[in-house]
Amino acid sequence: MKHHKNNFDIIVVGGGHAGVEAAHISTARGLTVALISMDLSALARMSCNPAIGGLAKGQMVREIDILGGLMGRATDACGVQFKLLNKSKGEAVWSPRAQVDKRKYESYVSGLVFSNNLLSLVSGEVVGLGIKNNNVVSCVLRSGEKIFSNTVIITSGTFMSGVVHVGERKVFAGRVGEKQSSGLTRSLNNIGIRSGRLKTGTPPRLVRSSIDWSKTEPVFGDKKPTPFSYSTTKFNPPNRPCHTVRTNQAAHEIISDNINRSPMSSGDIKGVGPRYCPSIEDKISRFSSRPSHLLYLEPEWGGSDQIYLNGFSTSLPEDVQISALRKVSGLEKVRFFRPGYAIEYDFFPPSQLKSTLESKMVSGLYFAGQVNGTSGYEEAAAQGLLAGINAACFVNREAPLILTRTDSYIGVMVDDLITKDTLEPYRMFTSRAEHRLSLRYSNADSRLLKHTKNYMLLPGNIVSLIEKKLRAKTEALALLKHKIKPGGFSGETGVTKTTSGESFLKRPDAGINMLPKNYFNQLDLSFLPDWLRSEFFIDLFATIKYGGYISRQLKSIKKNQKNEHLTLPLSFNYKTMVGLSGEAKEKLSFVRPETLGQASRISGVTPADISVLLVRLRV
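Residues numbered from 1 in each chain as written. Predicted model: local features only at pLDDT ≥ 70, side-chain atom pairs only at ≥ 80, totals over all residues. Heavy atoms only, no water.

### Remarks on the overall build of the chain
Regarding its fold elements, the chain presents 19 helices and 23 strands. In terms of overall size, the chain behaves like a compact globule, its C-alpha atoms giving a radius of gyration of 25 Å where 619 residues would be expected to give roughly 25 Å. Dimensions along the principal axes, computed over C-alpha positions, put the chain at roughly 75 × 70 × 55 Å. Across the 619 residues that make up the chain, the buried fraction comes to 58%. Long-range pairs, those at least 24 residues apart, make up 73% of the contacts in the chain with a sequence separation of at least 6. Summed over its atoms, the accessible surface of the chain is roughly 26100 Å², and 51% of this surface lies on carbon and sulfur atoms. Charge separation in the chain, taken as the distance between the mean sites of 81 positive and 54 negative side-chain charges, equals 4 Å. (Helix = DSSP H or I, 4+ residues; strand = E, 2+ residues; numbered from the N terminus. Rg over C-alpha atoms; globule rule 2.2 N^0.38 Å. Buried < 20%, exposed > 50% of the residue type's maximum accessible area, 1.4 Å probe, protein only. Contact = heavy atoms within 4.5 Å. Areas by Shrake-Rupley, 256 points an atom, 1.4 Å probe, with all protein chains shown as cover. Lys, Arg positive; Asp, Glu negative; His and termini not counted. Charge placed at Lys NZ, Arg CZ, Asp CG, Glu CD.)

See the structure below:
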C-alpha cells in the first residue's frame, strides 16, 4: 500500500516508548507509517524514573538493540552514568543499567522520528476504529477525520481513561499536565475486546537547592562502563553521581498515621498496583519490621534543579508526603516541584492476543506497552518493537516473528502475558526466565542474530561485526581445548596436573585472567571496540562456566519441543471436552492458546488436562 493523503501501510496510536519503536522498525522495513499522538512534543517522554535497564530489563534492552530497536542507541548517546548490576552473583544475571538525561533522550529519539521520511506525524486523539469483516480498516479521530490502514498498533500507555490521584484530589489526565484519552476503550469494548483497570505511581520531584547534600551518600557508576548498543564504538560517557538517603521511624509513623488518606486505602482507586515497585505506603505496611528504606536522589537532566526521588512512589496527600520527607536526614527543608501521584488507567488483558501481539479477534490490530498490563520503559519498547516487526510482516504477507522463552527475555514476557492472568502490572525479572543461564546480556547477539538477518533489522556493517565476533568466539572455544602445564597459570590455582583451559575454567575459583597471558595470541579481536572486547571474554567465561547446565537445559528443551509447537485449533470447544477439569475448561476457553505449550503454562491447567488435549489432537 502506498502512502496517499490519509492512507498508510501502518498506523501507530501513541508516541511513547512502545509507539516510537513500532513506528521506527516499521519504516525500517520500507513501509509508510502514521504515528498519531495527542502531544507530538512528548514523543518518547521518560515520564517516570531517569534510567534505562536494570535487572532483566538490561538484557531486554540488548535484545531490542539486536532486533533493530532504538532504546540502546539512545541510552548510550544520552546516559550520564552506567553500571553493571548483580556483579556479586553469577554472570548469567549481570544486568546493565544507565542513568539518563531525560530531556536529551527525548530530543535524541524525537530527532530520529521527525527526520524519518516514511513516517507521518498526526496530532490528534483516536476515539474509535473502523472494522470490516473482523479486519481493521481505519482509525477515527475526535475531529471526525478518518485515517485508513489495514494494520493498526495501539500503544496508548496510561492515557486511556487515565485518572491521577494525589490524596483525595482527582484529575482526569494521562499524566500530570497531559489530558487523558477517552472513547477508544468504549470503541474496543463494543467490538468485544475486554478491558480492565490497573494503577501505577510516581514519586515526588524535589527542588535540588532544598536538599542538604552533605548528609547524603554519593553513588557513582562503573569506571569501565558497559554500553547497550552494538552500533556504539567509542564510549566515554560521564559518570555523574546519584545520592542516597534512608527513611526512618519518624517518617514511617507520619505515613502510617495518614494511611487512610491514601486513595488506595480509601477505595478511591480500584486498579491494582505493581507488586514489585510498591508505593512507600505499601512498603511500610508490608515490611513493617524494617526500620528504614533506601531512597535514591536522581538528577533528571543536565542543568535541572529537579530531583527524582526513587523509592518513594506515593499517592498520599501532598502535605503528608512533605511532612514525612522532612523527617529524613538531608531533607529537613525539602520543597517539591510536584508531589508524587498515582494514576489509574484502562488496559486490555493480553490473553486476547496472539504471540505476535496481534488481536485474536480483529485481524491487523496489534497492542503493545502498558495497554497490555506491563510497567516500565523497557517492557513497553520491547513490545512496540515486536508489534512493529509483525505488523510489517502482516502488510508484506511474511511469516511473523515468534520469540520464545528459550531465546529471549522478550519471548518470556510475551508468553507470560498471553498465558497468565494479568492481575497487576507486569515487570520483568531474571527469575521469570527458567532458561536464564542461556539468556545473558552478553550473548543476545548469538541468540537473536538469525531473526535480525531474516527480517533485515540491522545495517549490514553491524551484522558483519556481530558475525565476525561470533566466529571469533568459536575459535576461542577451540583454543580452550589446548593443554596448560601446572606452572603456566597466573596466581595460586592449586592445579597440579596438565589440564585444558576449558577444564580449568570450570573450577569454582577460576577466572579467565588466570590463563597464561599468551593463551589467546592466535585470536584476532582488533576489529572489536574496547568495550566489546572486554565483554567478549566475559561471555566466553560464562559459556564455559555454565556449559554443563546449559547442555542439560538444551536437552530438556529439545525433548519438549515436539509438544510445545503442536497447534490448538481456535475452533476447539473446551467446555464440551470430556476429561478436562472445570477450571481448565474455563481458562482454556478464556485464553484460547495457540499451541499446546502455551496451554501447559496457563494457571489452573494441569498435566492431566494436557494429556486430554494430546489425545484429542491425535484423534
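### Describing unusual backbone geometry
Trans is the prevailing form of peptide bonds, just as negative phi is the prevailing case for residues other than glycine. Despite not being glycine, Ala56 shows a phi value in the positive range, around 70°. Here Ala56 shows up in the loop between strand E3 (51-53) and helix H2 (57-66). For Met456, which is not a glycine, the phi torsion comes out positive at approximately 55°. Along the chain, Met456 turns up in the loop between helix H12 (444-455) and helix H13 (460-479). The class of Met456 is exposed, set by a relative accessible area of 62%.

### Some words on the domain arrangement of the chain
When cut into domains, the chain gives domain 1 (10-200 + 345-454), domain 2 (205-341), domain 3 (468-550) and domain 4 (565-618). For domain 2 and domain 4, the distance between their C-alpha centres works out to 45 Å. (Domains from an automatic or database assignment.)

### Brief notes about the pairing of strand E13 (residues 196-202)
Burial analysis of E13 places five of its seven residues in the buried class, the great majority of the element. Pairing of E13 with strand E20 (residues 341-347) involves seven bridges; the strand directions are antiparallel. Looking at E20, one finds that Thr202 is bridged to Tyr341. (Pairing = 2+ DSSP bridges.)

### What about the environment of Arg507?
If you trace the backbone, Arg507 turns up in the loop between helix H14 (501-505) and helix H15 (530-545). Residue classification places Arg507 among the partly exposed positions, given a relative accessible area of 35%. Counting along the chain gives 372 residues from Arg507 to Asn135, while the straight-line C-alpha distance between them is 58 Å. With residues near it in sequence (within four places) discarded, Arg507 still touches Thr493, Gly494 and Val495.

### Concerning the pattern of salt bridges
Tallied over the entire structure, the rule returns 30 salt bridges. The shortest N-O distance in the salt bridge between Arg142 and Glu125 comes to 2.9 Å. Residue Arg142 is located in the loop between strand E8 (135-141) and strand E9 (146-148), and its partner Glu125 is located in the loop between strand E6 (119-123) and strand E7 (126-132); the two are separated by 17 residues in the primary sequence. We classify Glu125 as buried; its relative accessible area is 9%. Asp415 is paired through a salt bridge with Arg405; the nearest N and O atoms lie 2.9 Å apart. Of this pair, Asp415 sits in helix H11 (residues 409-419) while Arg405 sits in the loop between helix H10 (377-396) and H11; the two residues are ten residues apart in sequence, bridging distant segments of the chain. Several salt bridges converge on common partners, so that one network encompasses Arg405, Asp415, Asp416, Lys420, Glu434, Glu564 and Arg601. (Salt bridge = Lys/Arg side-chain N within 4 Å of Asp/Glu carboxyl O.)

### Some words on empty space enclosed by the protein
As enumerated under the stated definition, the model contains two cavities of 30 Å³ or more in all. Empty space within the largest cavity amounts to approximately 40 Å³. If you trace the largest cavity, you find it lined by His17, Val20, Glu21, Ala44, Leu70, Met71, Ala74, Tyr105 and Val109. Listed by contribution, the elements that provide at least two residues to the lining of the largest cavity are helix H1 (17-28), helix H3 (71-78) and helix H4 (102-114). A per-class count over the lining of the largest cavity returns seven nonpolar, one polar and one charged. Estimated volume of the second largest cavity: approximately 30 Å³. Looking at the lining of the second largest cavity, its residues break down into five nonpolar, two polar and no charged. (1 Å grid on protein atoms, 1.4 Å probe; cavity = no way out; pocket = protein on both sides within 12 Å on 5 of 7 lines; lining within 4 Å. Points joined across faces, edges and corners; volume = space filled by probe spheres on them. Nonpolar A, V, L, I, M, F, W, Y, C, P; charged D, E, K, R; others polar.)

### Quick notes on the side chain of Glu91
Tracing the sequence through the fold places Glu91 in the loop between strand E4 (79-85) and strand E5 (95-100). Only 3.2 Å separates the side chain of Glu91 from the side chain of Lys545, close enough to count as a polar contact. Apart from the residues lying within four places of it in its own chain, the contact partners of Glu91 are Arg440, Ile538, Phe541, Ala542, Lys545 and Tyr546. (Polar contact = N/O pair within 3.5 Å; in protein donor to acceptor, adjacent residues only side chain to side chain.)

### Let's talk about the layout of surface pockets
Quantified by volume, the second largest pocket comes out at close to 640 Å³. Around the second largest pocket, the lining comprises 28 residues; the ones closest to its centre are Arg405, Glu564, His565, Gly597 and Arg601. Contributing elements (two or more residues each) for the lining of the second largest pocket: H11, helix H16 (547-564), helix H18 (596-600) and helix H19 (607-618). Tallying contributions element by element places H16 first for the lining of the second largest pocket, with seven residues. Residues that form the lining of the second largest pocket fall into these classes: seven nonpolar, 14 polar and seven charged. For the lining of the second largest pocket, the two domains that each supply at least three residues are domain 1 (10-200 + 345-454) and domain 4 (565-618).

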